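The primary structure of each chain is shown beneath.
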Amino acid sequence: MAGVNGETLASLEQLVEGLGPAELYWIAAWSAARAEQRAHGPVPVARPGGERLTVLYGSQTGQAKRIARQLSEGAEAAGLSVRLVRADSYPPREWSKETHLLVVISTQGDAEPPDDARGLVEFILGKRAPRLPGLRYAVLGLGDSSYPQFCAIGRQLDARLAELGATRLAPLGEADVDVDSVASPWTEQALEQARQALGSVAAPARLTSLQSVPSHIAHSREHPFAAAVLDNQRIVASGHAREVRHLELSLEHSGLRYEPGDAVGVWPENPPALVDAWLTLLKLDGDQSVRHDGKEWPLRHWLSRERELTRLSRPLIAALAEASGDDALAHVLRPNQSVRLAALLATDQPLDLWRRHPVAWSAEALVGVLRPLTPRLYSIASSAKAVGEEVHLTVAVVDYHAHGERYQGAASTFLAAAVDDQRVPVFIEPNERFRLPADEARDIIMIGPGTGVAPFRAFVQERRETAARGRNWLFFGNRHFHSEFLYQVEWQAALREGSLHRLDLAFSRDSAAKVYVQQRLREQGRELYAWLQEGAHLYVCGDASRMAKDVHAALIDIAAMHGGRTPEQAKEWLSELLQQGRYARDVY
Ligand code: NAP
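Keep in mind that what you see is a predicted model, and the values were worked out from it rather than measured.

Calculation criteria
Residues numbered from 1 in each chain as written. Predicted model: local features only at pLDDT ≥ 70, side-chain atom pairs only at ≥ 80, totals over all residues. Heavy atoms only, no water. Helix = DSSP H or I, 4+ residues; strand = E, 2+ residues; numbered from the N terminus. Buried < 20%, exposed > 50% of the residue type's maximum accessible area, 1.4 Å probe, protein only. Contact = heavy atoms within 4.5 Å. Areas by Shrake-Rupley, 256 points an atom, 1.4 Å probe, with all protein chains shown as cover. Axes fitted to C-alpha atoms, helices over the stretch in contact; angles between N-to-C directions. Parallel < 35°, antiparallel > 145°, perpendicular 65-115°, else oblique. Left-handed = near helix turned anticlockwise from the far one by under 90°. Nonpolar A, V, L, I, M, F, W, Y, C, P; charged D, E, K, R; others polar. Near = heavy atom within 4 Å. Polar contact = N/O pair within 3.5 Å; in protein donor to acceptor, adjacent residues only side chain to side chain. Domains from an automatic or database assignment. Expected span 1.5 Å × (residues − 1). Arc of directions from axis to C-beta. Core = buried A, V, L, I, M, F, W, Y, C linked by side-chain atoms within 4.5 Å. Phe/Tyr/Trp six-rings, centres within 6.5 Å; stacked < 30°, edge-to-face > 60°. Lys NZ or Arg CZ within 6 Å of the ring centre and 35° of its normal.

Asks: Describe the overall build of the protein chain, and please don't skip the residues or the numbers.
Replies: Scanning the protein chain from terminus to terminus reveals 23 helices and 21 strands. In the protein chain, which comprises 588 residues, the share counted as buried stands at 50%. Restricting to contacts in the protein chain with at least 6 residues of sequence separation, those with at least 24 account for 77%. When the accessible surface of the protein chain is split by element, carbon and sulfur atoms take 51% of a total near 27000 Å².

Okay, structure coming up:
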């Protein structure tokens, strides 16, 4: 057996000292890929003049982009000529020339495309879309099965391309929040089909290994950095019903970098009380060992760190309906029941459903039926220029009582309880659609009620550090002025020192009638419109389900009223801002 000499072994021992099992396995996989690369020589070069594969993506939180990038790297490794394009950079005239296309696209909330794909989706679903008989394609939709219209945009695109005469290279993939369990096999299949269609020279067996191991060691979603907690404090008045916390984490020695607008991904652990409740109700032993998918851990570990316990999903409802034989439950999943399904998904957690439809599940069956735990994203509330090797987060703690039970969010409960020096597994999720203007002289308008204000703390810090000349205008709202004015002291200091130029506030529960940020927008409509006409960039962060829609409607009204436009023209004007990247949203 080949080995290494004593000196090399000693250096290796030194290098890996202090690393955990996950990091050691990762290094093993990385070394294997390097060995394979060396054994097979350099990756073959695409044939000049040959047909090209286009990988097109529309991404809101960066997941679709991550998969598209992997696809494109896999295609390159297979010797294909490939280009990776974001949906808003894809000119409509390209469609009729395209021959081989892989699309990765997410669905937001209620069947909405991601912001960067709005134009593309509208075009291809619309009357002006060309016939596409020469196109071979495959679509991977990303979605969240806790929404009734799961993967709606992926489905629409897949069906529409077929309707326009294109031929599928692979069936539609529908990935849930545990994206990779569907995306990985789909990627392999789609690449193999593309390779066959384009007649590449590379061997198919190499795709997986090259695509799954990055070419440099870095912390990522799969290999998070264990960030030490430096500070964790409540930033709303104590005793107040809703807790919001400010966390500061150390990124020292992580090699992680971020820009204002990016998010931090946190791999949480489920609330211990919830894990106990599952074990008690299902009469299962947390210490019993469970093997699933080639991994073996005690059941308690599976439930704490590997499985979703706080989010209900369609596959889980389907599994419970089947196991319990309850027709009423199966009925909720029918296409015409989307309103009832939405209500169920919004109000209930998996355990509620199990309480109502108790079935005897073995530990193995339980692990098999629950979805893998996924990381939660928090918009970064700091600028690295201001805080160095730290990252700050603003966390609303999900903790309430309903149906006589306590409900706690997975990540927010985990973060709220994190003590100083505790390690939190994190990674950076870049958000290139939510960036400060490249031209620092441009004005910016930031609309961020509740914890949606987080990225604007980063923006203002960054603009102060870079002495940007543009003006900064913040609209903030929350329930009460006295208890929930997040970062009040900082905003006031920023106003004094001139790094914040305007601040408009809407406290919804301090008066008899509710006041929301969009009311302030309307009140300031004339000036706001003037700023936008002079080239200001507009940002919205926070709740997607109602706030972002209402703010959008207010902006249309403002453009109609102060820009002398018809409502239709005002709508178009706002869509153009969106497509130009001058109106960016970080909402979910
Ligand atoms: P929230 O629930 O959004 O409430 C903040 C304020 O918005 C309250 O005064 C609320 O008023 C008001 N509001 C309610 N409906 C509104 C509407 N239709 N239009 C405008 N304002 C409205 O605050 P939060 O609990 O801090 O949640 C923030 C949201 O941002 C969450 O959905 C979260 O997922 C999202 N988000 C957070 C981050 C982050 O990094 N922290 C990033 C992106 C998105 P009332 O309650 O009195 O009606």
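Asks: Pulling in residues and values, what's your account of the packing of helix 3 (residues 63-77) against helix 6 (residues 179-198)?
Replies: When two helices pack together, their arrangement is given by the angle between their axes and by how far apart the axes lie. Axis separation between helix 3 and helix 6 bottoms out at 10 Å; the angle between their running directions is 30°. Considered as vectors, helix 3 and helix 6 are oriented roughly parallel to each other. Of the two possible hands of crossing, helix 3 and helix 6 adopt the one that is right-handed. Between helix 3 and helix 6, the residues in contact are Gln63, Arg66, Ile67, Leu71, Gly74 and Ala75 and Val179, Asp180, Ala183, Trp186, Thr187 and Leu191, respectively. When the residues that make up the contact of helix 3 with helix 6 are grouped by side-chain class, the tally is seven nonpolar, three polar and two charged.

Asks: Can you explain the site of the ligand? Please cite residues and give values.
Replies: The full set close to the ligand counts 22 residues, and Arg242, Thr451, Ser508, Arg509 and Tyr516 are the nearest of them. In this structure, Arg242 approaches the ligand through a side-chain N or O atom, which is 2.3 Å from an oxygen atom. Here an oxygen atom of the ligand sits 2.7 Å away from a polar atom, N or O, in the main chain of Thr451. At the level of secondary structure, the elements contributing two or more residues to the shell around the ligand comprise strand 12 (376-379), strand 20 (537-542) and helix 22 (547-563). Its residues assigned to classes, the shell around the ligand comprises six nonpolar, eight polar and eight charged. A domain-level breakdown of the shell around the ligand finds at least three residues from each of domain 3 (225-268 + 375-429) and domain 5 (444-587).

Asks: A description of the packing of helix 4 (residues 118-125) against helix 5 (residues 152-163) should follow, citing residues and the corresponding values.
Replies: Two elements in contact, helix 4 and helix 5, have axes whose closest approach is 10 Å; the angle formed by their N-to-C orientations is 40°. Judged by the inter-axis angle, helix 4 sits oblique to helix 5. The interaxial crossing formed by helix 4 with helix 5 has left-handed handedness. Contact residues: helix 4 offers Val121, Ile124 and Leu125, while helix 5 offers Ile153, Gln156, Leu157, Arg160 and Leu161. Taken together, the residues of the contact of helix 4 with helix 5 sort by class into six nonpolar, one polar and one charged.

Asks: So what's going on with helix 23 (residues 567-579)? Which residues, and what values?
Replies: An ideal rise of 1.5 Å per residue puts 18 Å on 13 residues; helix 23 measures up with 18 Å between its terminal C-alpha atoms. All buried positions along helix 23 are accounted for by Ala570, Trp573, Leu574, Leu577 and Leu578. Take helix 23 and look down its axis: the buried residues cluster within an arc of 145°, on one side only. Exposed residues on helix 23 whose side chains face more than 90 degrees from its buried face are Glu568 and Glu572. For helix 23, the secondary structure elements touched by its buried residues are helix 4, helix 21 (525-533), helix 22 and strand 21 (583-587). After helix 23 finishes, the residue Gly581 shows a positive phi value of roughly 80°.

Asks: Account for the environment of Ala494, naming residues and giving values.
Replies: Mapped onto the elements of the fold, Ala494 is located in helix 19 (residues 488-497). For Ala494, a relative accessible area of 5% puts it in the buried group. For the pair Ala494 and Arg464, spaced 30 residues apart in the sequence, the C-alpha separation amounts to 8.7 Å. Discounting chain neighbours no more than four positions away, the residues touching Ala494 are Val460, Ser499 and Leu500.

Asks: An account of unusual backbone geometry is requested, with residue identities and associated values reported.
Replies: The backbone of Cys151 shows a phi angle near 55°, a positive value even though the residue is not glycine. Within the secondary structure, Cys151 sits in the loop between strand 4 (136-142) and helix 5. Of note, Tyr487 is a non-glycine position whose phi angle comes to about 60°, a positive value. By the secondary structure assignment, Tyr487 is in the loop between helix 18 (481-484) and helix 19. Judged by its relative accessible area of 8%, Tyr487 is buried.

Asks: Please set out the nonpolar core residue by residue, giving values where relevant.
Replies: Among the nonpolar cores identified, the biggest contains 32 residues, and Trp278, Leu299, Leu303, Ile317, Trp361, Leu366 and Leu370 are the most heavily contacted of them. Sorting elements by how many residues they give to this core places helix 10 (residues 314-324) first, with five residues. Beyond its immediate sequence surroundings of up to four residues, Leu299 is in contact with Leu279, Leu284, Asp285, Gly286, Gln288, Val290, Ala363 and Val367. By size, the runner-up hydrophobic cluster in this structure holds 29 residues, among which are Phe475, Val517, Leu538 and Met547.

Asks: Account for the packing of aromatic side chains, with residues named and values stated.
Replies: Under the criterion given, the structure shown has 16 aromatic pairs. When the ring of Tyr400 is compared with that of Tyr407, the centres are 5.2 Å apart and the planes differ by 10°; the resulting orientation is stacked. Accessibility expressed as a relative area gives 38% for Tyr400, which makes it partly exposed. Joined through ring pairs, the aromatic side chains of Phe434, Phe456, Phe459 and Tyr539 make up one cluster. It is Arg471 that lies over the ring of Trp531; its NZ or CZ is 4.0 Å from the centre. Positioned over the ring face of Trp473 is Arg502, at 4.2 Å from the centre of the ring.

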